[in-house]
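# Tertiary structure, described
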Amino acid sequence: VAAVLALTIMATDLATADVVRMVALYGSWSTLSWPVNLFLALRVVYGRRPPPAAAAAAAETAAEATKTAEERMLDTLAHVALGTYVVTLAANWAWHVCWLWRAAFVTHTFSVRHAAYAAACVNLVRDDCILAGWLATRSFGTAADMRAYAGLDVVIKRRVVRVAENALPFSLSRRRRASSSGADAAAAAAKQQ
């Protein structure tokens, strides 16, 4: 896809071609996320292979205590790269969506070129999403680790339990309340006799 876009830029008059300008704009936004490429290069030089999944939980605390300066630098760079990447992707995609919206609904100049460019961008966006997901996993761990890091795991568990209790007509907690109130009523009746 990148080679086709590069050939399109070389074969087009840049003064009048809005699609080619958008290709150049996508590339310009991509250069602003240079910390991602720096991290990808440095992780090969300084990175340590992750332990197998079975030993990962036990080794995590020990590995955290024995991290080298390079590994701590890589962790920091991974966070910076993820933040930079998310911001540049959001700005880039917002610019492109606004441009396509304007071409389709405001100026009514949407053409086959616009559709072909949007179709080519789908692959670029997919690749960007895969890399952003990998960076997020590298920065925070699994999805459960990310929720725990953000403090969302407790909130999510509470909401799931509340929804489950309210969704079922005879949930376990309601049965417990009913049985405990029934036992209390039976005990009170026994006392009266």
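Note that the coordinates shown come from a computational prediction; the quantities given were computed from them, not determined experimentally. (Residues numbered from 1 in each chain as written. Predicted model: local features only at pLDDT ≥ 70, side-chain atom pairs only at ≥ 80, totals over all residues. Heavy atoms only, no water.)

A few words on the overall build of the chain. Looking only at helices and strands, the chain has nine helices and zero strands in total. Put simply, the chain runs from its N terminus to its C terminus through helices and strands in the order α-α-α-α-α-α-α-α-α. The burial tally for the chain puts 21% of its 193 residues in the buried class. When contacts within the chain are restricted to residue pairs at least 6 apart in sequence, long-range pairs at least 24 apart make up 70% of them. Per element, the accessible surface of the chain, about 13400 Å² overall, is 67% carbon and sulfur. (Helix = DSSP H or I, 4+ residues; strand = E, 2+ residues; numbered from the N terminus. Buried < 20%, exposed > 50% of the residue type's maximum accessible area, 1.4 Å probe, protein only. Contact = heavy atoms within 4.5 Å. Areas by Shrake-Rupley, 256 points an atom, 1.4 Å probe, with all protein chains shown as cover.)

A few words on helix H2 (residues 18–31). With 14 residues, H2 extends 20 Å from end C-alpha to end C-alpha; this agrees with the ideal 20 Å at 1.5 Å per step. Buried within H2 are the following residues: Val19, Val20, Met22, Val23, Leu25 and Tyr26. (Expected span 1.5 Å × (residues − 1).)

Moving on, we come to the environment of Ala116. You can see Ala116 is positioned in helix H6 (residues 112–140). For Ala116, a relative accessible area of 47% corresponds to the partly exposed category. Each C-alpha atom of the pair Ala116 and Val19 lies 9.6 Å from the other, and the pair is 97 residues apart in sequence.

This next bit is on the pattern of salt bridges. One pass over the full model with this rule turns up two salt bridges. Ionic pairing is found between Arg113 and Asp18, a salt bridge with its closest N-O pair at 3.8 Å. Within this pair, whereas Arg113 is found in helix H6, its partner Asp18 is found in helix H2, the two being separated by 95 residues in sequence. For Arg113, a relative accessible area of 47% puts it in the partly exposed group. The partly exposed category is assigned to Asp18, whose relative accessible area is 22%. Across the salt bridge formed by Arg138 and Asp75, the nearest N and O atoms sit 3.0 Å from each other. With Arg138 in helix H6 and Asp75 in helix H5 (residues 69–106), this pair connects stretches of sequence that are 63 residues apart. (Salt bridge = Lys/Arg side-chain N within 4 Å of Asp/Glu carboxyl O.)

By size, the foremost hydrophobic cluster in this structure holds 13 residues, and its most contacted members are Val36, Phe39, Ala81, Tyr85 and Leu135. Secondary structure elements with two or more residues in this core: helix H3 (34–46), H5 and H6. With seven residues, the top contributor of residues to this core is H5. In this view, Phe39 contacts Leu74, Leu77, Ala78, Ala81, Trp134, Leu135 and Arg138; residues no more than four positions away in its chain are not counted. (Core = buried A, V, L, I, M, F, W, Y, C linked by side-chain atoms within 4.5 Å.)

Right, let's get into the confidence of the model for the chain. Looking at the chain as a whole, the pLDDT averages 75, with 62% of positions reaching at least 70. Note on residues 159–165: pLDDT under 50 across the span, and four contacts to partners over four residues away in sequence or across chains. (pLDDT = per-residue confidence, 0-100.)

On the surface, a cluster of nonpolar side chains totalling about 390 Å² of accessible area is made up of Val44, Val45, Tyr46 and Met73. Among the elements that line the nonpolar patch, the one with the most residues is H3, at three residues. Relative to the elements of secondary structure, Met73 occurs in helix H5. (Patch = residues over 30% accessible without salt bridge, like charges linked within 9 Å, V, L, I, M, F, W, Y side chains within 5 Å.)

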